[in-house]
Protein chains: 2
Amino acid sequence: MFKKGGFVLLRRWTHEGAKSANRAMQFPCLDKLEQVSASLREKSAKNSSSASHAGNIPSNEPVYGKVQSGFELFKSSQPLFLDYGGVLPSFNIAYETWGELNAEKSNALLIHTGLSASSHARSSDRNPQPGWWENFIGPGNKTIDTDRFFVICTNVLGGCYGSTGPSSPDPDDGKPYATRFPMLSVQDIVRAQHRLVKDHFGITKLYASVGSSMGGMQSLAYAQLFPGDVEKVVSVSACARSHPSSIAMRHAQRQVLMADPNWSRGFYYSSAEHPEKIPPHIGMKLAREIATVTYRSGPEWESRFGTERLDDERTPTLCPDFLIETYLDHQGEKFSLEYDANSFLYLSKTMDLFDLSRSHFERSARRRKENSSFYGGQEVQKQYSDEPYPASKRRRTTTLDQSRKDLKAGLEPLKNVRLLIVGVKSDGLFPYWQQREIVELLDQAPAVKYVELNESQSLYGHDTFLLDTQYVGKSIGGFLTEGY
Amino acid sequence: MFKKGGFVLLRRWTHEGAKSANRAMQFPCLDKLEQVSASLREKSAKNSSSASHAGNIPSNEPVYGKVQSGFELFKSSQPLFLDYGGVLPSFNIAYETWGELNAEKSNALLIHTGLSASSHARSSDRNPQPGWWENFIGPGNKTIDTDRFFVICTNVLGGCYGSTGPSSPDPDDGKPYATRFPMLSVQDIVRAQHRLVKDHFGITKLYASVGSSMGGMQSLAYAQLFPGDVEKVVSVSACARSHPSSIAMRHAQRQVLMADPNWSRGFYYSSAEHPEKIPPHIGMKLAREIATVTYRSGPEWESRFGTERLDDERTPTLCPDFLIETYLDHQGEKFSLEYDANSFLYLSKTMDLFDLSRSHFERSARRRKENSSFYGGQEVQKQYSDEPYPASKRRRTTTLDQSRKDLKAGLEPLKNVRLLIVGVKSDGLFPYWQQREIVELLDQAPAVKYVELNESQSLYGHDTFLLDTQYVGKSIGGFLTEGY
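About the criteria used
Residues numbered from 1 in each chain as written. Chains lettered and ligands numbered in written order. Predicted model: local features only at pLDDT ≥ 70, side-chain atom pairs only at ≥ 80, totals over all residues. Heavy atoms only, no water. UniProt positions renumbered as here; feature names shortened; annotations may be inferred. Disulfide = S-S within 2.5 Å. Helix = DSSP H or I, 4+ residues; strand = E, 2+ residues; numbered from the N terminus. Buried < 20%, exposed > 50% of the residue type's maximum accessible area, 1.4 Å probe, protein only. Contact = heavy atoms within 4.5 Å. Salt bridge = Lys/Arg side-chain N within 4 Å of Asp/Glu carboxyl O. Nonpolar A, V, L, I, M, F, W, Y, C, P; charged D, E, K, R; others polar. Pairing = 2+ DSSP bridges. Axes fitted to C-alpha atoms, helices over the stretch in contact; angles between N-to-C directions. Domains from an automatic or database assignment. Buried area = accessible area lost by both parts, 1.4 Å probe. Polar contact = N/O pair within 3.5 Å; in protein donor to acceptor, adjacent residues only side chain to side chain. Least-squares fit on C-alpha atoms with pLDDT ≥ 70 in both. Right-handed = clockwise from strand over helix to strand, strands pointing away. Parallel < 35°, antiparallel > 145°, perpendicular 65-115°, else oblique. Left-handed = near helix turned anticlockwise from the far one by under 90°.

- Looking up chain A in an unreviewed UniProt entry gives the name LAMI_0C01046g1_1, with the organism given as Lachancea mirantina.
- Looking at chain A in UniProt, the text filed under Sequence similarities (unreviewed entry) is "Belongs to the AB hydrolase superfamily. MetX family."

Structure (structure tokens):
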């Protein structure tokens, strides 16, 4: 091949036997994913052939790294009728406790977790590994003083760290529920916790219900559902109703995960019958990368990573080479086998559906009532219709004002509770105005305390609640000991 | 199954022959994707067997809906040495023009496009379909007056609407480049345009270089590379250097697309040899959904969709049922077969790499020089190394201050040009402070004009430049006619 202007033959690359002007790009990141798939497949086949169990319990469950032995199990054999028409004939709640319940049972504090956390909020004799809120809980000077309080933390219903969720056996056939699991609301999660608190511990009134992110949704829901059963509520980086932007980001995560062929519409648990199945680790990795984008803040990344690449002399590729990319890749990879994909999908949707509006409350109450009356074989549950959705609805049908009034009415019961709301300016997922909104909708009631962290106090975005013992920790600590 | 408390047998659902407590969830959204795959496979097989072409040109190219016949082709047979070490032995640029070039060739205006647009900015006799900036260009009262200006718009190098890109044949074997295509910089794109302007049209000085988003990166790069060859530059919703947050969002889109098994590391073009190949339409749909989240704003979605669902009486599912979800789903679906996946990947990375810093400029110049000296068969190009990256670099090694100074030095040539910078407060992808930064780094030079749209002027976020003829349009129009 000759060119004008004195140029002669190019040094040619070959790709699959063909010549090419440039070298074909390499994909070490995809090679790695393929290796993970291969090793999971091998492991799954080995587990299935060893036949050490009946094949009903997912054989690859142990890969969810955080499943630990240090929790207790509360088993409820009464059915739980759910806000969206489903039912759990029975369920388990995994929980851990720290400190001592006093004789009057007046010092109990319930910690609600975010989406992916276990009941292991703090280390203990039974499980000495550090918990997800290790620095916030403990004897003495910590945010939550275990010398004073009896602290309970549960794995949420729908989770995969001991509580009943999509990876648990359906009591009807002993196989994992998978996507036969019913859709949950945050209120359903809270009702299950309430059974633990009231039926198991006999605690009629919690001293405090404390949560951040999805946990902060739960603490508010606890106060809405059982305003007489809790004295103080702490809600950090949460909201009274999800915002369409947050729904959009979680929608993207779910769709990405569901597009992983290994997800198999939720039936990815390997068994003696299906030793070839492996969990959708690629979809989980990608979903977690997207989630990570929403958990931190731009200014933090600017100061940590900027736009630096691993090596400026290298030709950039489509696999990670910016520092920020390697960070996201690492975060996704860590999480990809740590958490059950179906639990992630269900709880992600549960967060989207969170809405303390009055109309939502009433609709749920009606549905649960209807459903429990069906619970006798006469009628079907109102679940998962086959009918296509009407395509006509394109825009909202209520005004902003109507929906605000509806939310305000739904928050009415919270006026009977002492509330601490914490917002973080650098949080893009649950922006500070959502926390301010709660305070405003409660008419700035005197029992409501509001703390807002500005950018000089935290650049950690939504993750601030996991990291900041100074402003978040001290605010909560002060609020809890006030008048105690 | 009998229960305590008078409950009798549950009405049972069955799933694949097994009983279950709740009905299995339905997935109409996944059914649909499978149907699309099946119909693409059928079409691809049919096209390949009809053997109407040599099999070198992708047989499913016609599915990229926007490829139109109304453009001209500029063919450059001189090699283009690229900033990151690759080479294009020859290349084509698709372009369209409106208005007349005057005798002095002093009224030419080059419009640079965003990532996914074609050269079809406005309708014409050759192609009467509305263009992507239809309302901004035309005779009379439009932003860009075609009675006055000779308007040129190109499809960018790397694109798929007529210009040479990854779906174009590699001259060495006539098969699509795919991921043998070399990595591009925004400056490479601009150099190709400069050849069209100078070599083809003989225009020594553009009256204006105008662009938004990735187009606004190009217009700034045009002024950096050829400050004497352009009088006025308009850059809307762009930046002088990408931000790690934007890189993170684009990284997520790319990884999601690359995880689609149909992507096949870029070699998804069907041919007589490989009639089974189909484009990664699922990955493209998902990537576009994520991108859409970054193109609009939360307040717009709140007022359009709120948190309303298609039907509150239905049990929520993991397929779209919130209005915001159906919107994202629709946007993704529309785009999924309209644009070449490899073009999307390369140009997305090109945006990440955009950096007008002095050090970046110098490194690129050195690399192009080295590379062109290799162009004789003696040495290999410095491309796509197999060496694993060193894992040691975790944090940035330059300070914020150093990198700011570097950027300031890189912007120096722009002081010789009259500049209009437009920022939009509701834009989350190219936040307004990135546009303010350009102005600040130019020391508020008197030739720099800055316009910022607040939330009451536009809630359309990053997409504002496509929609707002009022504030964006009038600002550009006024700037262009000033002193003309």
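## With respect to the state of the cysteines
Phase 1: Taken as a whole and judged by the stated rule, the model has two disulfides over all chains.
Phase 2: The side chain of B:C29 participates in a disulfide bridge whose partner is B:C319; the two sulfur atoms lie 1.8 Å from each other. Judged by the sign of its S-S torsion, about -75°, the bond between B:C29 and B:C319 is left-handed. One end of the pair, B:C29, is in helix α1 (residues 28–50); the other, B:C319, is in the loop between α6 (298–304) and α7 (323–335), and 290 residues separate them in sequence.
Phase 3: Unpaired in this structure, A:C160 has its nearest cysteine sulfur neighbour in A:C153, at a distance of 14 Å.
Phase 4: By relative accessible area, which is 5% here, A:C160 ends up buried.

## Quick look at the environment of A:L407
Phase 1: With respect to the element layout, A:L407 can be found in helix α10 (residues 400–411).
Phase 2: Apart from the residues lying within four places of it in its own chain, the contact partners of A:L407 are A:A240, A:R241, A:D355, A:L356, A:S357, A:E437 and A:L441.

## A few points about the interface of chain A and chain B
Phase 1: Taken together, the contact between chain A and chain B spans 123 residues of the former and 124 residues of the latter.
Phase 2: At the boundary of chain A and chain B, one finds 18 salt bridges.
Phase 3: Considering each element in turn, the side of chain A that touches chain B owes the most residues, 11 residues, to helix α4 (residues 244–258) of chain A.
Phase 4: Residue composition of the side of chain A that touches chain B, by class: 57 nonpolar, 26 polar and 40 charged.

## Considerations on the sheet that holds strand β6 (residues 91–98) of chain A
Residue and element names in this part refer to chain A.
Phase 1: Taking strand neighbours across the sheet as the criterion, the eight strands line up as β3-β6-β10-β7-β11-β12-β13-β14 in an open arrangement whose pairing is mixed. On the outer flanks of this sheet lie β3 (72–76) and β14 (448–453), each paired with one strand and no other. Strand-to-strand twist of the sheet, defined as the mean angle between neighbouring strand axes without regard to direction, takes the value 20°.
Phase 2: Taken together, the four bridges between strand β7 (residues 108–112) and strand β10 (residues 150–154) define a ladder with parallel strand orientation. By the bridge assignment, L109 is partnered in β10 with V151.
Phase 3: Seen against the sheet, helix α2 (residues 186–200) touches β3, β6, β7, β10 and β11 (206–212) and runs at an angle of roughly 65° to β6.

## Remarks on the domain arrangement of chain A
Residue and element names in this part refer to chain A.
Phase 1: With domains assigned, chain A is organised as domain 1 (30–64 + 247–344) and domain 2 (72–246 + 412–481).
Phase 2: Each of domain 1 and domain 2 has a C-alpha centre, and the two are 26 Å apart.
Phase 3: Broken down residue by residue, the surface that domain 1 buries against domain 2 is led by R250, Y295 and Y339, which jointly contribute 23%.
Phase 4: Linking domain 1 with domain 2 are two salt bridges, by the criterion used here.
Phase 5: R296 is the salt-bridge partner of D463, the closest N and O atoms lying 2.8 Å from each other.
Phase 6: Our count for the domain 1 to domain 2 interface comes out at 18 residue pairs in polar contact (both at pLDDT 80 or more).

## Thoughts on the pattern of salt bridges
Residues and elements named next belong to chain B.
Phase 1: Under the criterion given, the structure shown has 79 salt bridges over all chains.
Phase 2: In this structure, R436 and E452 form a salt bridge, with 2.8 Å as the shortest nitrogen-oxygen distance. Of this pair, R436 sits in helix α11 (residues 432–441) while E452 sits in strand β14 (residues 448–453), placing them 16 residues apart in sequence.
Phase 3: Given a relative accessible area of 34%, R436 falls into the partly exposed group.

## Considerations on the relation of the copies chain A and chain B
Phase 1: For these two chains of identical sequence, chain A goes onto chain B by a turn of 180° and a shift of 0.0 Å along the axis, with RMSD 0.0 Å. Read as a symmetry element, the transformation amounts to a two-fold axis. Of the C-alpha atoms belonging to chain A, the one lying closest to the rotation axis is found on A:V256, 3.5 Å away.
Phase 2: A shared interface surface links the copies, since 100% of the contact residues of chain A are contact residues in chain B too.

## Some points on the pairing of strand β11 (residues 206–212) of chain B
The two faces of the sheet receive side chains in turn, since in a regular strand these alternate between them.
Residue and element names in this part refer to chain B.
Phase 1: The buried fraction of β11 is high, at seven of seven residues.
Phase 2: In this sheet, β11 lies alongside strand β7 (residues 108–112) in parallel orientation, the contact comprising four bridges. When the sheet's bridge partners are listed, I111 is paired in β11 with V210.
Phase 3: Summarising the sheet, β11 and strand β12 (residues 230–236) pair through six bridges and their orientation is parallel. Counterpart to S212 in the pairing with β12 is V236.
Phase 4: You can see the chain leave β11, run along helix α3 (residues 214–225) and come back into β12, and the turn it takes is right-handed.

## Things to note about the UniProt feature "active site" (unreviewed entry) in chain A
Residues and elements named next belong to chain A.
Phase 1: Per the UniProt record, "active site" (unreviewed entry) is annotated on S213, D427 and H462. The greatest C-alpha distance among the annotated residues, which extend across 250 residues, is 10.7 Å, indicating that they converge on a single site.
Phase 2: Residue position: S213 is located in the loop between β11 and α3 (214–225).
Phase 3: Ignoring anything within four residues of it in the chain, the contact list for S213 reads V236, S237, A238, M351, F430, H462 and F465.
Phase 4: Structurally, the position occupied by D427 is in the loop between β13 (418–424) and α11 (432–441).
Phase 5: Filtering out sequence-adjacent residues up to four positions away, D427 remains in contact with S237, Y432, G461 and H462.

## Concerning the packing of α4(A) against helix α5 (residues 281–295) of chain A
Residue and element names in this part refer to chain A.
Phase 1: Where α4 contacts α5, the two axes come as close as 8 Å, and the packing angle between them is 165°. Between α4 and α5, the interaxial angle falls into the category roughly antiparallel. Crossing of α4 against α5: the hand is right-handed. Contact residues: M249, A252, Q253, V256 and L257 in α4; G283, M284, L286, A287, I290, A291 and T294 in α5.

## Re the sheet that holds β12(B)
All names here are of chain B.
Phase 1: With respect to topology, eight strands assemble into an open sheet ordered β3-β6-β10-β7-β11-β12-β13-β14, the strand pairing being mixed. Here the strands that pair on one side only, and so sit at the sheet edges, are β3 (72–76) and β14. Along the sheet, successive strands turn relative to each other by an average axial angle of 20°, direction set aside.
Phase 2: Across the sheet, helix α2 (residues 186–200) is in contact with β3, β6 (91–98), β7, β10 (150–154) and β11; its angle to β6 comes to roughly 65°.

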